[in-house]
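Working through the structure, step by step
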There are 2 protein chains.
Amino acid sequence: MDETSHPDAGVLLDLDGTLVDSVHQHVVAWRAALLAAGHDVPQWRIHAGIGMGSDRLVPWLLGGHVDGADAIADDHTERFLATTDQLRPTRGARELLDDLERRGVPWIIATSAGSDERTALLEVLGRVDAPVTDADGVDSSKPAPDLVLTAAQQVGVAVGRARVVGDSPWDAIAAVRAGARPVGVACGGFHPRALLAAGAVRVVDEPIDLIGQL
Amino acid sequence: MDETSHPDAGVLLDLDGTLVDSVHQHVVAWRAALLAAGHDVPQWRIHAGIGMGSDRLVPWLLGGHVDGADAIADDHTERFLATTDQLRPTRGARELLDDLERRGVPWIIATSAGSDERTALLEVLGRVDAPVTDADGVDSSKPAPDLVLTAAQQVGVAVGRARVVGDSPWDAIAAVRAGARPVGVACGGFHPRALLAAGAVRVVDEPIDLIGQL
C-alpha cells in the first residue's frame, strides 16, 4: 500500500461517539456490567477508555488480565443494546456522509464494535448498507493501527492521504501509528486538549463542522 | 461576613459528581427526558451543562425559555432516581469527610440537587445526616455565588478562607464569584483544563487525592 498504487485521498470514520451519540450509554453500560461483576470502576475512567477495542478496555481499567472479562463485555453489550431507542446520530453525521459522496471522496466506517452493536448503530445512522471495516479479521484493536490500515486498503486510498475522523484519543493514536491524519470531533465528550495531545491535527465540535472540509 | 467575625477556614463540597459518581447517569437521564419532549440535544452538550442549577440547564441547552422546562426537569429526576442502585461514592469521598472531621476542619455539602435527589445521594454516601446547604432559600443557583455564600455562612467560615471542592466548571465559577477558592476534581468527567479555565486554583483526580490537603 503506497501513494503510487492508491493515489486517492479518503476518509475513514469511527462510528461510536463520532457518527452516533452513544458514549454516555456505553459508559453507563460498562459501569453496570463491571459493578455486577464486583468491580467499582469510576465512570470518568471508563469514559477515558471508550474508543479502544472492547477486548482491551476491561484489562486496562482493572490493571491486567481478569477472569470473566469476556462475560463483562457481553453483559455490557446486552445493557448497551437495551438503550438503542435513546441513540441518535451526532449533529451532521448523515449530512457529512452525503457530502463525501456528492464530492466523490472515498469513505468507509472503521469500527471495532461487535456485529450486533454495529448493526444497531448503522440503523440509528440510517445507513445499514454503509461500507464498513469491522474488527473481524483485524489482528489488533484500536489503538493499534491495524483497523486503520485495513480500512484504507479496503476503500482503496493511500493511508498517508487518509483522514481518520474520531471522537476519542484512541482513534487519533491508531491513526498516527498507521501514518494517517487524525481529525478529532469533541462530540464524544473528550476535551479538545486530549484529542490534540493524542495527535489530532485538528479538532472540531461535531461532524457538521466538517462538511465540505474533508 | 468577614474574616474577623469568622476566622476559620473551611471546606464546602459539591455533591453530584464530586462525592457521588453520578454525572453520566444525569446526562443519560437528561438526554432521555429531552428526547421524550422532542428535543434532540447532544450528550456532550448536556455533560457540559451538568453542575449548573437544574433550573438553568434546559434554557441553557435550548437557547432560552422553553415551555415545559419544569416537566422535563421532573422527568429527568424520575429517570435519574431509577438509577440509584448504580451509584457509588467517588474514590475517597467518605474518607475525605472523615479526614476533615478528624482534623477539625469545618465542612458542609453545598448542592443544588432537589430534595429527593439529595436524599438518595446522601444515602449512597452513607452520610444521611451530613450538614447540607441546599438550594431551598437560595435565590439563584450555580454558577451564581449564592449557594457558596450561604454555605460558608451556615458553617461559620469566612468565605475568603473557604475552599470549594467541585467537579464542574460551574462550581469553580460560583466559588470565584463568591470570593472563595475553587479546587477541582476531575472525577465528574470534566477535563482539568476546563476546570482551570473556570478558575480552579488546583485540580486533582478524585477526593482521595485531597485527604490531608484541605
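For the structure, see preceding data.
Right, let's walk through the structure included here. The shown structure was predicted, so the numbers you read here are calculated from the model rather than taken from an experiment. (Residues numbered from 1 in each chain as written. Chains lettered and ligands numbered in written order. Predicted model: local features only at pLDDT ≥ 70, side-chain atom pairs only at ≥ 80, totals over all residues. Heavy atoms only, no water.)

Considerations on the overall build of chain A
We apply this condition: Strands here are runs of E lasting at least two residues and helices are runs of H or I lasting at least four, both read from the DSSP assignment and numbered beginning at the N terminus. Atoms counted for the radius of gyration: C-alpha only. Globule rule: 2.2 Å times the number of residues to the power 0.38. For each residue, the accessible area found with a 1.4 Å probe, counting protein chains only, is set against the maximum for its type, and the residue is called buried under 20%, exposed over 50%, and partly exposed in between.
A count of helical and extended segments in chain A gives 9 helices and 6 strands. Over its C-alpha trace chain A gives a radius of gyration of 16 Å, about what one expects of a compact globule, namely 17 Å for 214 residues. The principal-axis extent of the C-alpha atoms belonging to chain A is close to 50 × 30 × 30 Å. Buried residues in chain A amount to 55% of all 214 residues.

As for the sheet that holds strand 3 (residues 132-133) of chain B
All names here are of chain B. In plain terms, the rule: DSSP-based pairing: two strands are paired if at least 2 bridges between them are found. By definition, residues are in contact when any of their heavy atoms lie within 4.5 Å. Orientation is described by axes fitted as lines to C-alpha atoms, over the contacting stretch for helices, and by angles from 0 to 180 degrees between their N-to-C directions.
The strand order across the open sheet formed by 6 strands is 3-2-1-4-5-6, and the pairing between neighbours is parallel. Each edge of the open sheet is held by one strand with a lone partner, namely strand 3 and strand 6 (202-204). One ladder, built from 3 bridges, connects strand 5 (residues 181-185) with strand 6; its direction is parallel. Note on strand 6: the bridge partner recorded for Val185 is Val204. Packed onto the sheet, helix 5 (residues 93-102) meets strand 1 (10-13) and strand 2 (107-110) and runs at close to 160° relative to strand 1.

Details of the sheet that holds strand 2 (residues 107-110) of chain A
With parallel pairing, the 6 strands of this open sheet are ordered in space as 3-2-1-4-5-6 (chain A). Of all strands in the sheet, those bounded by a partner on one side alone are strand 3 (132-133) and strand 6 (202-204) of chain A.

Details of the relation of the copies chain B and chain A
This is how the line gets drawn: Only residues with pLDDT of at least 70 in both copies contribute their C-alpha atoms to the least-squares superposition of the copies.
Between chain B and chain A, the superposition needs a rotation of 180° and an axial shift of 0.0 Å, giving an RMSD of 0.0 Å. Given the turn and translation reported, the copies of this chain are related as if by a two-fold rotation axis. Here 100% of the contact residues of chain B are again contact residues in chain A; the copies associate through an equivalent surface.

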